[in-house]
Amino acid sequence: MCATCGCGDATGPRVSVVAGGEHEQDDSHGHGHHHDHDHDHDHDLGHGHPDHTVILEQQVLAKNDGIAVHNRQWMRSRRITALNIMSSPGAGKTTLLARTIRELGRQRPIAVIEGDQETRLDAERIREAGASVVQVNTGAGCHLDAEMIDRALRALDPADESLLLIENVGNLVCPALFDLGEEGKVVLISTPEGVDKPKKYPHIFAVADLVVINKIDLLPYVEFDVDACVAQAKILNPAVRVVVLSATTGEGMDEWYEWIGSRSAISPVAVDN
């Protein structure tokens, strides 16, 4: 269970390699070579004791951050650029990824880690678009974390110099807390959701490297002020870049690809302190 937000269930996440018509490897219970859970803390902490809950949350996030550092070092040593894509459900993450795979996959290998509570539906769409993909089903969990990404990386084994797109669970709250080892955090919103998403969910916009406003092809039919939304995001995060596009029609996709290229240039040379 996630001690920071109360999500999760006893079975834990399930990691599956999705291959059409072939055996699907399920790593539901494997934890690999370096993330065994040690029981050196009191699991009763956090039940009715706010101060103890804060300590436990700090321990959970500290453990996650340590694994994220390992993930980042592993990927940088192989010149893999990982992007953590976060949004509410239905904003168009999978559509954006599928178009990116079809158009950018001609230039470099692309791999995907799909996060959903249940089903492999989005992973199947990604596979059909032409990328290797691993599905992480979180059960009752509302976000991916660094240990899930570690397990997914070992199952996926992305090629050197590839682009790794991580589609987080649809949620604008908890994913903001968890470093996965990515090179960039992308927050995706869509025009039908309304202009006030940055005000309602400030933390995720504050940590974003890029905000993508999707579904601009629907602007004639919905009430959405692009400039007002951008202004809200800039108040929370003055350095954030904003890209406005339609993953359906392709309008604005070149700017998205240009930003990906800029993160790829950062990835191989950056080092952890």
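Residues numbered from 1 in each chain as written. Predicted model: local features only at pLDDT ≥ 70, side-chain atom pairs only at ≥ 80, totals over all residues. Heavy atoms only, no water.

This brings us to the sheet that holds strand 4 (residues 132-137). The strands that make up a sheet are held in pairs by hydrogen bonds between backbone atoms, and each pair lies either parallel or antiparallel. An order of 1-4-3-5-2-6-7-8 is seen for the eight strands of this open sheet, with the pairing classed as mixed. At either margin of the open sheet sits one strand with a lone partner, and together these are strand 1 (14-17) and strand 8 (241-244). Here the strands of the sheet are splayed against their neighbours by 20° on average, with no regard to which way each runs. One ladder, built from four bridges, connects strand 7 (residues 210-214) with strand 8; its direction is parallel. Across the sheet, the residue bridging to Leu210 is Arg241, located in strand 8. Running over the sheet, helix 4 (residues 146-156) touches strand 1, strand 3 (110-116), strand 4 and strand 5 (163-167) and is turned about 145° from strand 4. Against the sheet, helix 7 (residues 226-236) engages strand 6 (184-190), strand 7 and strand 8, with an angle of about 160° to strand 7. (Pairing = 2+ DSSP bridges. Helix = DSSP H or I, 4+ residues; strand = E, 2+ residues; numbered from the N terminus. Axes fitted to C-alpha atoms, helices over the stretch in contact; angles between N-to-C directions. Contact = heavy atoms within 4.5 Å.)

The subject of this paragraph is helix 7. Looking only at helix 7, the buried set comprises Val226, Cys229, Gln232 and Ala233. An end-on view of helix 7 places all buried positions within 130° of arc, on one side of the element. In helix 7, the exposed residues that point more than 90 degrees away from the buried face are Asp227 and Ile235. Contacts made by the buried residues of helix 7 are with strand 6, helix 5 (197-200), helix 6 (202-206), strand 7 and strand 8. By the N-cap criterion, in which a side-chain oxygen at the helix start approaches the backbone nitrogen of a residue two or three places on, helix 7 is capped by Asp225, the distance to Asp227 being 3.1 Å. (Buried < 20%, exposed > 50% of the residue type's maximum accessible area, 1.4 Å probe, protein only. Arc of directions from axis to C-beta. Polar contact = N/O pair within 3.5 Å; in protein donor to acceptor, adjacent residues only side chain to side chain.)

Let us look at helix 2 (residues 93-104). Counted at 1.5 Å a residue, the expected span for helix 2 with its 12 residues is 16 Å, and the 16 Å between its end C-alpha atoms agrees. In terms of burial, helix 2 is a largely internal element, nine of the 12 residues being buried. Restricting attention to buried positions, one finds in helix 2 the residues Lys93, Thr94, Leu96, Leu97, Ala98, Arg99, Thr100, Ile101 and Leu104. (Expected span 1.5 Å × (residues − 1).)

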